[in-house]
Amino acid sequence: MTFPVGPIWLVGCGNMAGAMLRRWLSEGLDPAQVTVITRSGTRAPEGVRSLTALPVDETPAILMLGFKPQQLGDIAPTLAHLNPAILLSILAGVEEQTLASHIPAGAVVRMMPNLPVAIGQGVTALYTRSTDAVVRDAAEALARPLGLAPWVEDEGRFDAVTALAGCGPAFVFRFIDALAQAGVGLGLSPELAQQLALATVDGAGAMAIGADAPPAVLADRVASPGGSTREGLNVLDAEDALKRLMAETLTAAERRNREMAAAARR
Ligand SMILES: NC(=O)C1=CN([C@@H]2O[C@H](COP(=O)(O)OP(=O)(O)OC[C@H]3O[C@@H](n4cnc5c(N)ncnc54)[C@H](O)[C@@H]3O)[C@@H](O)[C@H]2O)C=CC1
Ligand SMILES: O=C(O)[C@@H]1CCC=N1
């Protein structure tokens, strides 16, 4: 699948949009197609035009919003005249209707990436109400080089998808850190504990993806009857401790996405 024809403008290019752009470039996107517009004039990858203000008398085919949801009200009026064929937004929470009302465009596509897109192993959920195959193909062509790229047909589910996959890497990083710290608590050196925690999560994740059984069953396969894993699982499972913690974690993240959507609507 080839990249869609540009020009592609990225307004805001920090941690997330920057990771997407670097992956696109490493997968063959022509940097001459790309313009990055940031407040600070971030150093853009080689060959990419980097500006601190919008070019005059030009319009992009694809306009991607990579700033924070809270900035929509301030930045959108400066973009309202561009009328791109596709408006791409990675803003958490902010709904298609809100985006369309702020920035006229041929079509609006919401993308919800996560940081592992930097190595092509991310998740980039997609939503659009457009049925235009050109629009949907362009969105997929941008999302696929980043990793898994599922369409979410119900926009109402997008905040939950964001909580799980968009925020998810942070929760997994916390888990890895906690696993390592627990090892340090048992007397391992911090370096060895981190090495073991990272390799264990890496191997377990890769194995679970290719396994013939779901993760819940795989956990039981690690637990030899009467052995040490069962003792540990009993702690995680007591009164559904881990399940409840994760449910509270995702609920809080989803709620915040809804709050940001509501603020953008006003
Ligand atoms: N960090 C993550 O893992 C994810 C972030 N997102 C979304 O990505 C967006 C950006 O988040 P981060 O990259 O984490 O934040 P960030 O703070 O790293 O990046 C924000 C970018 O916006 C730019 N910016 C600020 N004011 C501007 C202005 N007036 N005009 C143009 N550019 C301006 C900054 O220079 C910077 O490049 C948010 O909407 C967030 O919801 C979505 C999924 C995952
Ligand atoms: O923290 C945030 O709001 C964004 C959305 C998903 C990941 N980061």
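Our structure's up above, just so we're on the same page.
Residues numbered from 1 in each chain as written. Chains lettered and ligands numbered in written order. Predicted model: local features only at pLDDT ≥ 70, side-chain atom pairs only at ≥ 80, totals over all residues. Heavy atoms only, no water.

## Section: the overall build of the chain
Secondary structure assignment for the chain yields ten helices and nine strands. Here the chain, with 266 residues, has 39% of them falling under the buried criterion. Sequence-distant contacts, at least 24 apart, represent 57% of the contacts inside the chain between residues at least 6 apart. Accessible surface computed for the chain: about 14700 Å², of which carbon and sulfur atoms make up 58%. The average position of the 21 basic charges and that of the 27 acidic charges among the side chains of the chain differ by 4 Å. (Helix = DSSP H or I, 4+ residues; strand = E, 2+ residues; numbered from the N terminus. Buried < 20%, exposed > 50% of the residue type's maximum accessible area, 1.4 Å probe, protein only. Contact = heavy atoms within 4.5 Å. Areas by Shrake-Rupley, 256 points an atom, 1.4 Å probe, with all protein chains shown as cover. Lys, Arg positive; Asp, Glu negative; His and termini not counted. Charge placed at Lys NZ, Arg CZ, Asp CG, Glu CD.)

## With respect to the sheet that holds strand S3 (residues 49-51)
Pairing in this open sheet of seven strands is mixed, and the strands run S3-S2-S1-S4-S5-S6-S8 from one edge to the other. Edge strands, defined here as strands with exactly one partner in the open sheet, are S3 and strand S8 (125-128). Here the average twist between neighbouring strands, direction ignored, is 20 degrees. For strand S1 (residues 8-11) and strand S4 (residues 62-65), the ladder comprises four bridges, and the chain directions are parallel. Counted as the bridge partner of Trp9 is Leu63 from S4. Strands strand S6 (107-112) and S8 of the sheet are contacted by helix H5 (residues 158-166), whose axis makes an angle of about 35 degrees with S6. (Pairing = 2+ DSSP bridges. Axes fitted to C-alpha atoms, helices over the stretch in contact; angles between N-to-C directions.)

## Section: the site of ligand 2
Taken together, Ala92, Thr162, Gly166, Cys167 and Met260 make up all the residues around ligand 2. In the complex, the protein chains occlude 48% of the 250 Å² of accessible area that ligand 2 would expose alone. Of the residues assigned to the shell around ligand 2, the class counts are three nonpolar, two polar and no charged. (Near = heavy atom within 4 Å. Nonpolar A, V, L, I, M, F, W, Y, C, P; charged D, E, K, R; others polar.)

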